[in-house]
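A closer look at the structure
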Amino acid sequence: MQGQSYVTLSKITLVISLSLYLVSLTQQGYCISGACGNHWSGVSLVAMGAIGGIMSLAGLTWYANPALWAAWSQINNKPKRAVIFSLVGTILATSFLLATEISDVKPNITSYITGYQTGYWLWLASMATMLVGSLINYLVTKNHHATNQRLALLQVDFNNRYSGGIKLKTHKDVYRHNKTKIRLQYGIHAILWDVDYDDKKRDDLAVEAFIYYNRTEKSWVARFDFNDLLHESQREKPLLDN
């Protein structure tokens with residue numbers, strides 16, 4: 001069940017990061033001169049930053065939020081992008097420690113930052129968790145891709161379409177078609193093909209695809225661009241020669 005173990009890793013990372021983030025929104029973020037415990041909660045800071053209410057160099061750390069959101073959306077299918085987004089988010093979130101003052105929502109009012117509250121540390125922990133988890137997930141999937149340099153050949157039914165690709169017929173992690181059995185792994189690439197004819201002459205369809213496990217559908221999916229699905233005779237270098 002190696003493929004599903006990668007999904008479990010990304011799922012655990014996502015759950016922990018999201019949980020830390022949501023809890024941080026209920027806590028106070030930081031202290032300013034003259035106010036600390038009664039200062040804005042995390043949800044207020046996120047909301048005000050979204051509408052440009054925090055106008056200062058320290059306020060730029062708000063952009064760690066969309067970077068983290070983007071990392072959440074990419075960890076399952078594109079772990080490398082998740083690493084990049086979470087790294088950007090962590091750097092931006094950490095940079096708040098270097099700030100000494102921040103502008104208020106009221107114009108021309110600046111306050112000195114005098115301390116950091118629970119909300120900020122939980123928020124930063126959410127970023128760091130996503131960075132570490134997505135990095136591990138990326139390295140694991142990259143390692144498995146390196147051990148599978150020869151692309152697997154999967155004969156499929158291209159009519160069995162799913163958003164962005166097709167669903168694969170499997171038993172747990174094993175792809176089966178006629179007498180063919182191949183153990184699938186998250187993140188590998190494969191050549192999908194099926195028998196086809198052009199003017200009564202055999203001319204098979206083929207395309208290179210990315211294999212991943214879809215948690216919602218509880219199914220293995222091969223993702224590819226349908227514009228790349230061509231007959232072998234249309235290619236300068238046929239895929240099925242691999």
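Residues numbered from 1 in each chain as written. Predicted model: local features only at pLDDT ≥ 70, side-chain atom pairs only at ≥ 80, totals over all residues. Heavy atoms only, no water.

1. Let's talk about the overall build of the protein
Across its full length, the protein carries five helices and 15 strands. When the 242 residues of the protein are sorted by exposure, 44% land in the buried category. A separation threshold of at least 6 residues defines the contact pool for the protein, and within that pool the share at least 24 residues apart is 64%. Of the roughly 13400 Å² that the protein leaves accessible, carbon and sulfur atoms contribute 56%. (Helix = DSSP H or I, 4+ residues; strand = E, 2+ residues; numbered from the N terminus. Buried < 20%, exposed > 50% of the residue type's maximum accessible area, 1.4 Å probe, protein only. Contact = heavy atoms within 4.5 Å. Areas by Shrake-Rupley, 256 points an atom, 1.4 Å probe, with all protein chains shown as cover.)

2. Describing the packing of aromatic side chains
One pass over the full model with this rule turns up 14 aromatic pairs. Note on Trp 62 and Trp 69: the rings are 6.3 Å apart at their centroids and 90 degrees apart in plane angle, and the pair reads as edge-to-face. A relative accessible area of 14% means that Trp 62 is categorised as buried. (Phe/Tyr/Trp six-rings, centres within 6.5 Å; stacked < 30°, edge-to-face > 60°.)

3. Describing the nonpolar core
The biggest cluster of nonpolar side chains holds 25 residues, and the ones touching the most others in it are Tyr 21, Phe 96, Ile 102 and Trp 123. Every element with two or more residues in this core is listed here: helix H1 (2-24), strand S1 (30-32), helix H2 (42-50), helix H3 (64-74), helix H4 (79-95) and helix H5 (118-146). When residues in this core are grouped by element, the largest group, five residues, is from H5. With sequence-adjacent residues up to four places away left out, Trp 123 is seen in contact with Tyr 21, Ser 24, Thr 61, Ala 64, Asn 65 and Ala 93. (Core = buried A, V, L, I, M, F, W, Y, C linked by side-chain atoms within 4.5 Å.)

4. Examining the side chain of Thr 13
In this structure, Thr 13 sits in helix H1. Residue Thr 13 is classed as buried on the basis of its relative accessible area of 5%. Thr 13 has contacts with Ile 75, Thr 129, Met 130, Gly 133 and Ser 134, leaving out every residue within four places of it along the chain.

5. Topic: the side chain of Ser 86
The residue Ser 86 is located in helix H4 in this model. Among the polar contacts listed, one links the side chain of Ser 86 to the backbone oxygen of Ala 82, at a separation of 2.7 Å. Within the structure, Ser 86 has its side chain in polar contact with the backbone oxygen of Val 83 (distance 3.0 Å). Aside from chain neighbours lying at most four places away, what touches Ser 86 is Ala 71, Met 130, Leu 131 and Ser 134. (Polar contact = N/O pair within 3.5 Å; in protein donor to acceptor, adjacent residues only side chain to side chain.)

6. Topic: H3
Most of H3 sits out of view: eight of its eleven residues are buried. Among all positions in H3, only Ala 64, Asn 65, Ala 67, Leu 68, Ala 70, Ala 71, Trp 72 and Gln 74 are buried.

7. Observations regarding the packing of H3 against H4
Between H3 and H4, the shortest axis-to-axis distance is 8 Å and the interhelical angle comes to 160 degrees. In terms of orientation, H3 and H4 fall into the roughly antiparallel class. In this structure, H3 meets H4 at a crossing whose hand is left-handed. Two secondary-structure elements touch here, H3 through Ala 64, Ala 67, Ala 70, Ala 71 and Gln 74 and H4 through Pro 79, Arg 81, Ala 82, Phe 85, Ser 86, Val 88, Gly 89, Leu 92 and Ala 93. (Axes fitted to C-alpha atoms, helices over the stretch in contact; angles between N-to-C directions. Parallel < 35°, antiparallel > 145°, perpendicular 65-115°, else oblique. Left-handed = near helix turned anticlockwise from the far one by under 90°.)

8. Structural notes on the pairing of strand S13 (residues 205-214)
Most of S13 sits out of view: nine of its ten residues are buried. Where strand S10 (residues 189-194) and S13 come together, six bridges link them in antiparallel fashion. Note on S13: the bridge partner recorded for Leu 192 is Val 207. Relative to strand S15 (residues 230-231), S13 is paired through two bridges, and the arrangement is antiparallel. Bridge pairing in S15 links Leu 205 to His 231. Connecting S13 to the antiparallel partner strand S14 (residues 219-223) that follows it, the hairpin turn spans four residues, and Lys 218 within it adopts a positive phi of roughly 55 degrees. (Pairing = 2+ DSSP bridges.)

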